[in-house]
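Inside the fold
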Amino acid sequence: MTIKLMMFGRRSPGQTLAEHRHHMKDVHGRIVLGYIADDPRNAPRKYAQNHGLDGVFAADDAAPAALRLGLDFVTQLWFDDLGSVKASRETPFYQERLRPDEPRFVDNANVVGQPFSEECMLEPASSSIDVKLFVVRPAGAMAFDLDDRIASSGVAYSGYCRNTPLVPGPIAFVDEFWTRDEAEAARLLHHCRQALGTGEKEGGRSAAYLIAREYKLFAGR
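One structure accompanies this document, and this report is about it. Just so it is clear, the structure is predicted and the values come from calculations on it, not from any experiment.

1. Things to note about helix H6 (residues 182-196)
The terminal C-alpha atoms of H6, which comprises 15 residues, lie 21 Å apart, in line with the 21 Å expected from a rise of 1.5 Å per residue. In this structure, the buried side of H6 is in contact with strand S2 (46-56), strand S5 (131-138), helix H5 (146-150), strand S7 (171-179) and strand S8 (208-218). By the N-cap criterion, in which a side-chain oxygen at the helix start approaches the backbone nitrogen of a residue two or three places on, H6 is capped by Asp-181, the distance to Ala-183 being 3.3 Å. Downstream of H6 by a residue or two, Gly-197 has a phi angle that is positive, lying close to 70°.

2. Quick word on the packing of aromatic side chains
Applying the stated criterion across every chain, the model contains five aromatic pairs. When the ring centre of Trp-78 is taken as origin, the NZ or CZ atom of Lys-46, which lies over that ring, is 4.4 Å away. For the cation-ring pair, Arg-137 lies above Phe-144, with the distance from its terminal atom to the ring centre recorded as 4.7 Å.

3. Focus: the pairing of strand S6 (residues 159-165)
Counting buried positions along S6 yields five of seven residues, so the element is predominantly enclosed. Here six bridges tie strand S4 (residues 106-122) to S6, and the two strands are oriented antiparallel to one another. Note on S6: the bridge partner recorded for Ser-117 is Thr-164. As paired elements, S6 and S7 share five bridges and run antiparallel to each other. Note on S7: the bridge partner recorded for Asn-163 is Val-174.

4. Some thoughts on the environment of His-22
For His-22, the position within the fold is in helix H1 (residues 17-38). Taking the C-alpha atoms as reference points, His-22 and Phe-105, 83 residues apart in sequence, are found 9.1 Å from one another.

5. A word on the nonpolar core
Of all hydrophobic cores here, the largest spans 19 residues; its most connected members are Leu-133, Val-135, Leu-146, Ile-150, Phe-177, Cys-192 and Tyr-209. Looking at this core, the elements with two or more residues in it are S5, H5, H6 and S8. Within the second largest apolar cluster, 17 residues are counted, among which are Met-6, Phe-8, Ala-58 and Leu-71.

6. Points about the pairing of S2
Where S2 lies against strand S3 (residues 73-79), six bridges are found, and the strand directions are antiparallel. Its bridge partner being in S3, Tyr-47 is matched across the sheet by Leu-77. In this structure, S2 lies alongside S8, joined through nine bridges in antiparallel fashion. Looking at S8, one finds that Asn-50 is bridged to Glu-214.

7. Brief notes about the sheet that holds S5
Within the closed barrel, the eight strands sit side by side as S1-S3-S2-S8-S5-S7-S6-S4. Their pairing is antiparallel. Taken over all neighbouring pairs, the strand axes of this sheet differ in orientation by 30° on average, direction set aside. Bridge analysis of S5 against S8 gives six bridges, and the strand direction is antiparallel. Paired with Val-135 across the bridge in S8 is Tyr-209.

About the thresholds
- Residues numbered from 1 in each chain as written.
- Predicted model: local features only at pLDDT ≥ 70, side-chain atom pairs only at ≥ 80, totals over all residues.
- Heavy atoms only, no water.
- Helix = DSSP H or I, 4+ residues; strand = E, 2+ residues; numbered from the N terminus.
- Expected span 1.5 Å × (residues − 1).
- Contact = heavy atoms within 4.5 Å.
- Polar contact = N/O pair within 3.5 Å; in protein donor to acceptor, adjacent residues only side chain to side chain.
- Phe/Tyr/Trp six-rings, centres within 6.5 Å; stacked < 30°, edge-to-face > 60°.
- Lys NZ or Arg CZ within 6 Å of the ring centre and 35° of its normal.
- Buried < 20%, exposed > 50% of the residue type's maximum accessible area, 1.4 Å probe, protein only.
- Pairing = 2+ DSSP bridges.
- Core = buried A, V, L, I, M, F, W, Y, C linked by side-chain atoms within 4.5 Å.
- Axes fitted to C-alpha atoms, helices over the stretch in contact; angles between N-to-C directions.

Structure below.
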């Protein structure tokens, strides 16, 4: 069973989005790729960054701070199992090179990391599609399939992945949609918000939405 570790967070205080994105992709991303080359046994099996373009903050205190303040990124790392996730963070490479670099572009006080089981219901129509919508529902939200809720709306999207947590944590569900462009993602966001509504049980007010551009920095061997 493949584990998908997802990190939801904000840029480091005092950074512009441009500074954050540059460091995340061109500095930290290269260090991660160096880790994969240096220690493939412990490094992630796949690695993707999603840089925020637009979004909606969670509207009540039921959500983690990162969702209420607004997300700037979602990082995704794939591992063989939960033990591999833990082992990856205990290596000298991670402790000496990756961990010290994180505060240079991440607000560590407001970041949420959680392992998920990934179920791709609709593979993206093309590998060139890189605009996505994340719908992040916190713990306590009602369990239902969001794609079923929006089916009658006829809104377009090019791929869909359902992510459910493997261990208890602050996030209950992450719906991940691929879209052709930002305009399509914005229409999809609108329909997802309508589908969730504003009820506490459905998680409408405590959900966060992020339109992001995906960078597949390491697609796997």
